[in-house]
Amino acid sequence: QAIRDRENKAFEQAAQDLRQAIEKSPELLDLQKSLIIDQTPEGLRIQLVDQEGYSMFPRGSAVLQARTRQLLNLVARAVNNLPNRVSISGHTDSTPYLNPNGTYSNWELSSDRANAARRELLTGGIAQDRLATVVGRADREPFIKNAPEDPRNRRLSIIRALSVRQPPAH
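Residues numbered from 1 in each chain as written. Predicted model: local features only at pLDDT ≥ 70, side-chain atom pairs only at ≥ 80, totals over all residues. Heavy atoms only, no water.

A. Up close: the pattern of salt bridges. As enumerated under the stated definition, the model contains nine salt bridges in all. The salt bridge involving D30 is made with R67; its shortest N-O contact spans 2.6 Å. One end of the pair, D30, is in the loop between helix 1 (2-23) and strand 1 (35-40); the other, R67, is in helix 2 (residues 66-79), with 37 residues separating them in the sequence. Exposure remark for D30: the relative accessible area of 45% places this residue in the partly exposed category. Assessed through its relative accessible area of 22%, R67 is described here as partly exposed. Among the salt bridges present, the one from R152 reaches D150, with a minimum N-O distance of 2.8 Å. Overall, the relative accessible area of 32% leaves R152 in the partly exposed class. Classification of D150 as buried rests on a relative accessible area of 16%. (Salt bridge = Lys/Arg side-chain N within 4 Å of Asp/Glu carboxyl O. Helix = DSSP H or I, 4+ residues; strand = E, 2+ residues; numbered from the N terminus. Buried < 20%, exposed > 50% of the residue type's maximum accessible area, 1.4 Å probe, protein only.)

Take a look at the structure:
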């Protein structure tokens with residue numbers, strides 16, 4: 001219990017530090033609504049969510065927007081001193097990725113976006129050995145379940161694992 005309490009306090013501090021860093025950065029201030037931080041049974045989850053009018057990546061691309069790079073660097077700084085490993089997931093909306101030969105889909109796109117985030121987090125100072133998983137989830141875990149094409153379903157999820165698992169929330 002003491003370890004869990006200590007980790008929860010550290011995670012709350014990291015979340016607060018990240019929110020304050022964004023507030024102090026005029027070029028990122030309007031991205032506050034794209035940042036969702038919550039506690040899950042697995043650990044601290046930071047999500048960078050597309051919004052109407054701003055996407056973390058150009059449509060159909062795995063190249064990070066400049067402000068997304070800045071935001072990921074702030075994320076790296078906020079979680080870098082926390083214990084345990086980081087898992088990164090890329091998500092798309094349900095709009096099919098269109099390409100002429102059909103060999104590139106939302107699965108590849110979400111995986112490529114997760115890897116782009118991984119590279120940026122490494123640039124931001126997270127050590128290679130702190131990475132646990134990097135996965136693409138395509139459109140299989142929508143953020144907005146009743147609107148599969150909603151832009152908010154396009155997102156990156158970064159989870160900083162707990163060393164002691166939390167009991168499931170009821």
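Read on for the rest.
B. Main features of the sheet that holds strand 1. The sheet built from five strands is open, its strands ordered 1-2-5-3-4 with mixed pairing. On the outer flanks of this sheet lie strand 1 and strand 4 (131-136), each paired with one strand and no other. Each strand axis lies, on average, 15° off the axis of its neighbour in the sheet, ignoring direction. Seen against the sheet, helix 1 touches strand 1, strand 2 (43-49) and strand 5 (155-161) and runs at an angle of roughly 175° to strand 1. Lying on the sheet, helix 3 (residues 106-123) is in contact with strand 3 (86-91), strand 4 and strand 5; it crosses strand 4 at an angle near 150°. (Pairing = 2+ DSSP bridges. Axes fitted to C-alpha atoms, helices over the stretch in contact; angles between N-to-C directions. Contact = heavy atoms within 4.5 Å.)

C. Main features of the packing of aromatic side chains. Using the criterion set out here, one finds zero aromatic pairs in the structure. Across the ring face of Y54, the terminal group of R67 is positioned such that the distance to the ring centre comes to 4.6 Å. (Phe/Tyr/Trp six-rings, centres within 6.5 Å; stacked < 30°, edge-to-face > 60°. Lys NZ or Arg CZ within 6 Å of the ring centre and 35° of its normal.)

D. Main features of the packing of helix 2 against helix 3. Relative orientation of the contacting elements helix 2 and helix 3 amounts to 60°, with a least axis distance of 8 Å. Judged by the inter-axis angle, helix 2 sits oblique to helix 3. The way helix 2 lies across helix 3 gives a crossing that is right-handed. Each of R69, L72, N73, V75 and A76 in helix 2 lies in contact with helix 3, whose residues at this interface are A117, E120, L121 and T123. Of the residues assigned to the contact of helix 2 with helix 3, the class counts are five nonpolar, two polar and two charged. (Parallel < 35°, antiparallel > 145°, perpendicular 65-115°, else oblique. Left-handed = near helix turned anticlockwise from the far one by under 90°. Nonpolar A, V, L, I, M, F, W, Y, C, P; charged D, E, K, R; others polar.)

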